[in-house]
Amino acid sequence: SDAMFMFVGSSFNASYETCMEVGNMEMTHKDTLAAYFAGCCSDSVHVCDDFVTNPCADPDKFSPAEYVNLGNWYTCGSAAALFFPFIEKPTAEICANSTPIDVTVMLLSDHLAKSCCSGEDSFCEEFKVEVNPCVNPDAYNASHLYDGETQCSDTANTYIGVFEPDADTCSERAGSMSKLGLLSIMRSCCSDQVTICDAYAPNPCENTAAFNASQTMAMGSSIASCEAFVSYYIPAGLETAEDTCAASIMGTTTANLLAFFMPCCTDMATKCSEFTLNPCFDKAAYEPATFLDTFETSCGMIAGYLPQVNFSSRELCLETVDLGEQMMPSSYVAGMMSECCADKIPACAAYTLNPCSSADDLEMQAMIAMFGGMTCAAAGSGASAFTPSEETCLAEVEYMGSKVRNSVVTQWMGHSCCGNQATLCEDYVMQLCWDWESFNTSALFHMGNETELPCLAAAAWLEPFTADASTCAAPAFEGKDMTKIEFLNTFALQCCGGADSVCTPQPVKVTGGFEIAASDPTAFAADPQAVAAVTTVVAESAGVPEDYVNVTLDAARRLAANTARRLATTVQVSYVITVPADVDGDSAAVAEAAGVAMESQAPANLTQSLAAAVGDTYEVNVT
């Protein structure tokens, strides 16, 4: 009662005029009552029921409370109210008229009769005429079960009707499809297989003789013959030209719609093929029948999905294209379809990235395993060509939906695409192995669960820096806790053959030397005890343990600086102080202190220390 008051009014008096008035729900009161309020009446008969069409030949057979499926479920009463005009007495002309759901009154009443009239005839039954759908009337077999269940006469008389066949009438709807489509399914009703709409059947192929009507194809979950799908989706008598191929049809362009039917043409060429996307630098190299494993369909079908793209200049190749989930440069569209080209060279190859230091080293058809696999041509199409320099190689660009440096792109591609793995930006990528000779350019790098990358590309992840204790302890990447040394520990293990990285602490060496005038220089230089004594003196003087020190003694003869020109002999001492990487207090600082200490030692002090160490065996004097 509350809803009735709101939508119809408390003082509603039913008459033809009031029942046909449009109410608050922008529906007639008749339709509102039938659709929403019949259930409020125990017999489902509402006050406007006298003005609802009864579709049954015997009106007493009508069951308004029964349900009928018209795509959605409706009560018979609401379906009759919503989809029929008010018909007091049917005529042949009225039964041939169309309804709001794009089928004839005859067809709709016949469908409702099965559920709403206790299975008996509809009120248009007497106006059905025998329809012969065959060009040759004698070829018609009215009792044939064309789908194994339905007689040809039932469908022809109810759905097809009498009409003068032409491109327009054959395109008219007959239930869920065109008359042309329905007749193609009913072809077996004609012993010669020729129906009255065949002359207007669309042919999607550029060469009409290439159309394989019986070829089975799938669209979504449906599987049928090319003829059935073409008849269903393409209007009869379709003419194609550049403007009509670009025209909108069924939510896409005619060219793209026809591309779905390439498998129906033995040469894979549709009437709009010349107006669909050609991704090849050499247009004649395009092979639309090539099957792309990545997309699980043919090149021609993919082209049908994609918008038209102009690849004729650098500027146009850099323009973005809407691919649904993301925007990509036009060059990327061509690149991802490079396998469709006999020579594997995509349309924008002249304007896209060649990552190799020598352009001739690029292997366009080589495959890159990452990201599900793509050709080098496709990978290069995602970035623009540039002249290598420190500035350009370290510049960030948009690539594959992410912001990365050009050097990362060239190194990533170089692993698979450059014959000798020499890339444009290799001179601007930091050498991350302590000994760069240990760098394995063919190895792969992965950090935890992140994507596996070539070591060449991983080396470019880090922006070049001067390695020292401070920089190595700094974060490796913005917004992440990982330090450079933590990243490089993993990198060195996988990419440097387990050798050290530039952030691996290294031993620091201090070198120097002095001369000793000894009483017997040759014996002194060869005496292990003398060598040990010198080692002790150097260690104590430098303030380091003796095992850090290695000395070499060499007896050398030189000309004395006096008039007698006597030959004097001295011992040349060379020392190396090696401070271990893991020493407390930082190896560089300890080494620096040791070097300063040695430089500050006066010869007299060294002489005194050395004399005490060698005892009476030798007379020594440090000079």
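Residues numbered from 1 in each chain as written. Predicted model: local features only at pLDDT ≥ 70, side-chain atom pairs only at ≥ 80, totals over all residues. Heavy atoms only, no water.

Soluble, globular proteins show a tendency: their nonpolar side chains are buried together. Counting 33 residues, the largest nonpolar core has I516, F524, V534, V538, I577 and L610 as its most contacted members. Ranked by the residues each element gives to this core, the list is headed by helix α23 (residues 528-542), at seven residues. When near neighbours in sequence (up to four residues on either side) are disregarded, F524 contacts I516, A518, A530, V534, L553, V571, L610, V614, Y618 and V620. Listed in part, the 27 residues of the second largest apolar core include A458, F465, L488 and C503. (Core = buried A, V, L, I, M, F, W, Y, C linked by side-chain atoms within 4.5 Å. Buried < 20%, exposed > 50% of the residue type's maximum accessible area, 1.4 Å probe, protein only. Helix = DSSP H or I, 4+ residues; strand = E, 2+ residues; numbered from the N terminus. Contact = heavy atoms within 4.5 Å.)

What follows deals with the state of the cysteines. For the structure on display, the rule yields 19 disulfides. Two residues, C433 and C496, share a disulfide whose sulfurs are 1.9 Å apart. Residues C433 and C496 are joined through a disulfide that is left-handed, its torsion about the S-S bond being -90°. Here C433 is found in the loop between α18 (406-417) and β17 (444-445), whereas its partner C496 is found in the loop between α21 (484-495) and β19 (508-518), with 63 residues between them in sequence. Accessibility classification places C433 together with C496 in one group, the buried group. (Disulfide = S-S within 2.5 Å.)

With that settled, consider the packing of helix α4 (residues 76-83) against helix α6 (residues 105-116). Two elements in contact, α4 and α6, have axes separated by 11 Å at closest approach and are oriented at 170°. What the angle tells us is that α4 and α6 run roughly antiparallel. In the packing of α4 onto α6, the handedness of the crossing is left-handed. Two secondary-structure elements touch here, α4 through C76, A79, A80 and F83 and α6 through L108, L112, S115 and C116. Residues that form the contact of α4 with α6 fall into these classes: seven nonpolar, one polar and no charged. (Axes fitted to C-alpha atoms, helices over the stretch in contact; angles between N-to-C directions. Parallel < 35°, antiparallel > 145°, perpendicular 65-115°, else oblique. Left-handed = near helix turned anticlockwise from the far one by under 90°. Nonpolar A, V, L, I, M, F, W, Y, C, P; charged D, E, K, R; others polar.)

So, on to the packing of helix α3 (residues 29-37) against α4. The axes of two packed helices give the description: the angle between them and the distance between them. Put simply, α3 and α4 touch, their axes get as near as 8 Å, and they point 155° apart. Overall, the two elements α3 and α4 adopt an arrangement that is roughly antiparallel. For the pair α3 and α4, the sense of crossing is left-handed. Of the residues in α4, those in contact with K30, D31, A34 and A35 of α3 are G77, S78, A81 and L82. A per-class count over the contact of α3 with α4 returns four nonpolar, two polar and two charged.

What follows covers α18. Taking 1.5 Å as the rise per residue, α18 with twelve residues should run 16 Å; its terminal C-alpha atoms sit 16 Å apart, in good agreement. Burial runs high along α18: eleven of the twelve residues are buried. What α18 keeps buried is the set N406, S407, V408, V409, T410, Q411, W412, M413, G414, H415 and C417. (Expected span 1.5 Å × (residues − 1).)

A few words on the side chain of S273. If you trace the backbone, S273 turns up in the loop between α12 (254-259) and β9 (291-292). By relative accessible area, which is 19% here, S273 ends up buried. Once you skip the residues sitting within four places of it in the chain, S273 turns out to touch M262 and M268.

Buried residues dominate α3, accounting for seven of its nine residues. Residues of α3 that are buried include every one of H29, K30, D31, T32, L33, A34 and F37, and no others.

Quick look at the pairing of strand β16 (residues 402-405) now. The side chains of a regular strand alternate between both faces of the sheet. In this structure, strand β15 (residues 396-399) lies alongside β16, joined through four bridges in antiparallel fashion. Bridge pairing in β16 places E398 opposite K403. In sequence, β15 turns back onto β16 through a hairpin of two residues, with M400 there showing a positive phi of about 55°. (Pairing = 2+ DSSP bridges.)

Moving on, we get to the pattern of salt bridges. If you walk through the whole model with that rule in mind, you get eight salt bridges. The partner of K30 in a salt bridge is D31, and the shortest N-O contact between them spans 2.7 Å. Judged by its relative accessible area of 5%, K30 falls in the buried class. Note that K114 and D110 form a salt bridge whose closest N and O atoms lie 3.1 Å from each other. With K114 and D110 both in helix α6 and four residues apart, this pair spans about one turn of that helix. Using a relative accessible area of 55% as the deciding quantity, one classes K114 as exposed. One salt-bridge network, held together by shared partners, links D110, K114, E125 and K128. (Salt bridge = Lys/Arg side-chain N within 4 Å of Asp/Glu carboxyl O.)

Let us now look at unusual backbone geometry. Phi is positive for S118, which is not a glycine, with a value near 55°. Locating S118 in the fold gives a position in the loop between α6 and α7 (152-160). Positive phi values are uncommon outside glycine, yet M268 reaches one of about 60°. With respect to the helices, strands and loops of the structure, M268 is situated in the loop between α12 and β9. With relative accessibility at 12%, the residue M268 sits in the buried group.

Okay, a negative patch on the surface next. A cluster of acidic residues, E206, E242, D243, D267 and E274, forms a negative patch at the surface. If you trace the backbone, E242 turns up in helix α11 (residues 242-245). When its relative accessible area of 57% is taken as the criterion, E242 is described as exposed. (Patch = residues over 30% accessible without salt bridge, like charges linked within 9 Å, V, L, I, M, F, W, Y side chains within 5 Å. Areas by Shrake-Rupley, 256 points an atom, 1.4 Å probe, with all protein chains shown as cover. Lys, Arg positive; Asp, Glu negative; His and termini not counted. Charge placed at Lys NZ, Arg CZ, Asp CG, Glu CD.)

Next up on the list: the packing of aromatic side chains. Counted by the stated rule, this structure contains 19 aromatic pairs. For the pair F514 and Y575, a centre-to-centre distance of 6.5 Å together with 45° between the ring planes defines the contact as tilted. Residue F514 is found in strand β19, and its partner Y575 is found in strand β21 (residues 567-579); the two are separated by 61 residues along the sequence. You can call F514 buried: its relative accessible area is 11%. Cluster of aromatic residues (ring-pair linked, three or more members): W436, F439, F445, W461, F477, F487 and F491. The residue whose ring lies beneath K179 is F163, and the NZ or CZ to ring-centre distance is 4.2 Å. Over the face of the ring belonging to F465 we find K484, whose NZ or CZ atom lies 5.1 Å from the ring centre. (Phe/Tyr/Trp six-rings, centres within 6.5 Å; stacked < 30°, edge-to-face > 60°. Lys NZ or Arg CZ within 6 Å of the ring centre and 35° of its normal.)

In short, shape yes, function no, at least from these values alone.
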